[in-house]
Amino acid sequence: MIYLRISLDREMDGLAIERQREDCERLAEREGWTVVETYVDQSKSATDATKSRPDYDRMVADYQAGAFDAIVCWDLDRLTRQPRQMEDWVDAARFRGLQLKSVSGDVDLTNENGLLIAGIKIQVARAEVVRKSKRQSRAQEQRAMMGRAPKGMRPLGYATNGDVIEDEAVAVRAIFALFTRPDHPESLRSLARALSGTDTIEGLAPMPKHTHTVSVERETARRLRAEEENKTYQTHELKPDGPWSPSTVLGILRNPRYAGMSTYTPKTYQENGNRRRSWRAQILRDDVGEPVRGQWAPIVDDETWWRVQEILDDTERVTNTSGSTRRKHLGSGLYRCGVCGRKVTGAPRGYRCAGHVMRTGSHIDEFVTEVIAARLSRRDALARVSTAEDTPHARAISEAISRERARMMRAQRDYDAEVIEGRDLKRIRDAGESRIDELEAERLLRGRAGGLAPVLGTADPAAAFRQASLTTRREVIDTLAKITLLPQARGRRGFDPHSVVIEWRTN
Ligand SMILES: [Zn+2]
């Protein structure tokens, strides 16, 4: 029941963890308390509710489980600076007999006077939180009006100060271009796959997930700063890089900053019953309604950006884009070249990738159709790609979105009633919004795959697939599998099934 926190804050890291520990142990001894557990967290700040403090959480859980009845910390700031958490401990002391003391003496919940002082501290801290959050949002809005780059996580393609990072900007431009390509535009899903390296799209190279890149940068910056100041640096463990998600790609396509428009989200917004504010609504406008221009260079032009928004808004059009062009071949722009991985094009009687693959089409298409049909007669295939709007899955998405919105509204009410702080509200809202983003991306994906419904909704999906339109068959194939054509073995006549590689998609 000793709680220690190694602080990375500049002003507080003079106090080494060992000294904290010794001081705390001495205090416990003086009080005649037996130390049953020591909790140590490494965190940037006790103020930031978004930073996880696993040992703090473990301590709370242990306390609730009755593992101890007293806590020693070095000072209150190290325990928590969140009024809500302080209040919990004060309640525990008042009603459940918890004893809590700090080495510095700034908190002592073992007597009535100490409880009174703690209560005052909570009020002061709460007022400060409200003031600070108001100040921050005013400053943020002013920054945005001047067209300065917003604070917070830098978007792909821009440095924190708004400078263009050219190699990332190349990827951003490619994402916009491929999504709006008139002939056979790429979907959110295929763009995410290309960025993750599980698929190949010409002009879009795989790259680490943006959040991963940013974590690495932040970690490096912290380490360099510590080295500069000759301080020991405790390395943070970074989450391993993972695949790009379609919702991240959606977030890129929706971001007005790429067209050089300044954005701002007020801390408290209540219009539309507090529904998620769209990216477009975040565009800051001047007195005459013109978007405020950022001081940074745009990466895509206005026209491209607005066209993307139109495509994204127009579900009908979204549903049709992937099959909008007339095709004669089942696999052109869908099957891949076994040599270079690019999509093959249709040749008069088959498929080709210049210099790599030249194959007759009919046998391949028959073979692929049979394999896919066989797969479709299995239940697990259906579960994954079931798409009709009234499916349990679609309903679950809508319900999950409503739940997130309700949670955000509750948080807003709690904030208005001063039950929670701005920081908690922000955390809840950020989590809610990013969850809604994911859910909406998923819904969009399923909307795009709407053509699958007539196939999968039937009693015999395999037969329905065989009879479906070319567009639908292509959609079904693309959803289920990646098809690669190997070059025809020299001197071989007839069709060799091993020359067509079918890999089932797992996501
Ligand atoms: Zn090739």
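Residues numbered from 1 in each chain as written. Predicted model: local features only at pLDDT ≥ 70, side-chain atom pairs only at ≥ 80, totals over all residues. Heavy atoms only, no water.

### A short note on the overall build of the chain
- The helix and strand inventory of the chain stands at 19 helices and 10 strands.
- Classification of the 507 residues of the chain by burial places 45% in the buried group.
- Looking at the chain alone, contacts between residues at least 24 apart form 66% of all its contacts between residues at least 6 apart.
- As displayed, the chain offers around 26300 Å² of accessible surface, 50% of which is attributable to carbon and sulfur atoms. (Helix = DSSP H or I, 4+ residues; strand = E, 2+ residues; numbered from the N terminus. Buried < 20%, exposed > 50% of the residue type's maximum accessible area, 1.4 Å probe, protein only. Contact = heavy atoms within 4.5 Å. Areas by Shrake-Rupley, 256 points an atom, 1.4 Å probe, with all protein chains shown as cover.)

### Re the confidence of the model for the chain
- Counting all residues, the mean pLDDT for the chain is 79, and 82% of those residues have values of 70 or more.
- Here helix α12 (residues 315–321) stands out as the least confident element of the chain, with mean pLDDT 38; helix α6 (residues 166–180) is the most confident, with 95.
- Contacts from residues 315–327, a stretch scored under 50 in pLDDT, to residues over four places away or in other chains number 21 contacts. (pLDDT = per-residue confidence, 0-100.)

### Details of the sheet that holds strand β5 (residues 336–337)
- Read across the open sheet, the 3 strands follow the order β5-β9-β10; overall the sheet is mixed. Edge positions in the sheet fall to β5 and β10 (500–504), since each of these pairs with one other strand and no more.
- Summarising the sheet, strand β9 (residues 481–485) and β10 pair through 5 bridges and their orientation is antiparallel. Within β10, the residue paired with L485 across the bridge is V500.
- Contacts from helix α13 (residues 361–376) reach β9 and β10, with the element oriented near 25° to β10.
- Across the face of the sheet, helix α19 (residues 470–480) comes into contact with β9 and β10 while running at roughly 95° to β9. (Pairing = 2+ DSSP bridges. Axes fitted to C-alpha atoms, helices over the stretch in contact; angles between N-to-C directions.)

### Notes on the packing of α13 against α19
- Close contact between α13 and α19 brings their axes to 11 Å; oriented N to C, the two are set at 70°. Classified by the interaxial angle, the pair formed by α13 and α19 is roughly perpendicular. Considering only the axes of α13 and α19, their crossing is left-handed. Contacts between α13 and α19 involve V368, I372, R375 and L376 on the former and, on the latter, V476, I477 and L480.
- The residue makeup of the contact of α13 with α19, split by class, is 6 nonpolar, no polar and 1 charged. (Parallel < 35°, antiparallel > 145°, perpendicular 65-115°, else oblique. Left-handed = near helix turned anticlockwise from the far one by under 90°. Nonpolar A, V, L, I, M, F, W, Y, C, P; charged D, E, K, R; others polar.)

### Let's talk about the environment of A125
- Assignment of secondary structure puts A125 in helix α5 (residues 112–145).
- Through-space distance from the C-alpha of A125 to that of R81 is 7.6 Å; in sequence the pair is 44 residues apart.

### Section: the nonpolar core
- Counting 34 residues, the largest nonpolar core has F176, L204, L253 and Y258 as its most contacted members.
- Of all elements in the fold, only α6, α7 (188–196), α9 (246–254) and α11 (302–313) reach the threshold of two or more residues within this core.
- Those residues in contact with L204 that lie beyond four places of it in its chain are A171, A174, I175, L178, L191, A194 and L195.
- Listed in part, the 23 residues of the second largest apolar core include I364, A373, A462 and I483. (Core = buried A, V, L, I, M, F, W, Y, C linked by side-chain atoms within 4.5 Å.)

### Regarding unusual backbone geometry
- We note that N230 has phi near 55°; this positive angle belongs to a residue other than glycine.
- Note that N230 resides in the loop between α8 (210–228) and α9.
- Judged by its relative accessible area of 73%, N230 is exposed.

### A short note on the coordination of the zinc ion
- Only C337 (SG), C340 (SG), C353 (SG) and H356 (ND1) from the protein coordinate the zinc ion, and they sit 2.1 to 2.3 Å from it.
- One can describe the site at the zinc ion as tetrahedral: its 4 donor atoms subtend angles covering 105 to 113° at the metal. (Donors = N, O, S within 2.8 Å, 3.2 Å for Na, K, Ca; no water. Tetrahedral: all angles 85-135°; square planar, octahedral: opposite > 155°, others 65-115°.)

### Some words on a nonpolar patch on the surface
- On the surface, L116, I120 and V124 cluster together to form a nonpolar patch covering roughly 300 Å² of accessible area.
- Inspection of the secondary structure puts I120 in helix α5. (Patch = residues over 30% accessible without salt bridge, like charges linked within 9 Å, V, L, I, M, F, W, Y side chains within 5 Å. Salt bridge = Lys/Arg side-chain N within 4 Å of Asp/Glu carboxyl O.)

### Notes on the pairing of β9
- Burial within β9 is extensive, with 5 of its 5 residues counted as buried.
- Here β9 shows no split at all, with A481, I483 and L485 on one side and K482 and T484 on the other all buried.

### Regarding the packing of aromatic side chains
- By the definition in use, this model includes 9 aromatic pairs.
- Taken together, a centroid distance of 5.9 Å and an interplanar angle of 15° make the contact between Y158 and Y258 stacked. Here Y158 is found in the loop between α5 and α6, whereas its partner Y258 is found in the loop between α9 and α10 (271–274), with 100 residues between them in sequence.
- Y158 sits in the buried class, given a relative accessible area of 0%. (Phe/Tyr/Trp six-rings, centres within 6.5 Å; stacked < 30°, edge-to-face > 60°.)

### A closer look at the sheet that holds strand β7 (residues 350–353)
- On the basis of which strands lie adjacent, the open sheet formed by 3 strands has the order β6-β7-β8 and antiparallel pairing. Of all the strands in the sheet, the pair left with one neighbour each is β6 (345–347) and β8 (357–360). Neighbour-to-neighbour, the strand axes of the sheet open up by a mean angle of 30°, direction not taken into account.
- Of the pairings in the sheet, the one linking β7 to β8 comprises 4 bridges and is antiparallel in character.

### Section: α6
- With 15 residues, α6 should reach 21 Å at 1.5 Å per residue; the first-to-last C-alpha distance of 21 Å fits that figure.
- Every buried residue of α6 is accounted for by E168, A169, A171, V172, A174, I175, F176, L178, F179 and T180. (Expected span 1.5 Å × (residues − 1).)

### Quick look at the packing of α6 against α9
- Two elements in contact, α6 and α9, have axes separated by 10 Å at closest approach and are oriented at 95°. Considering their axes alone, α6 and α9 lie roughly perpendicular with respect to each other. In this structure, α6 contributes V172, I175, F176 and F179 to the contact, and α9 contributes V249, I252 and L253.
- Here the residues of the contact of α6 with α9 are counted per class, giving 7 nonpolar, no polar and no charged.

### Quick word on the pattern of salt bridges
- A complete count under the given rule lists 25 salt bridges for this structure.
- Between R173 and E166 there is a salt bridge whose closest N-O contact spans 3.1 Å.
- Overall, the relative accessible area of 45% leaves E166 in the partly exposed class.
- Taking the shortest distance from any N to any O, the salt bridge between E229 and K231 comes out at 3.2 Å.
- On the basis of relative accessibility, which here comes to 34%, the residue K231 falls in the partly exposed class.
- One continuous salt-bridge network, built from bridges that share partners, spans R193, D199, R336, D478 and K482.

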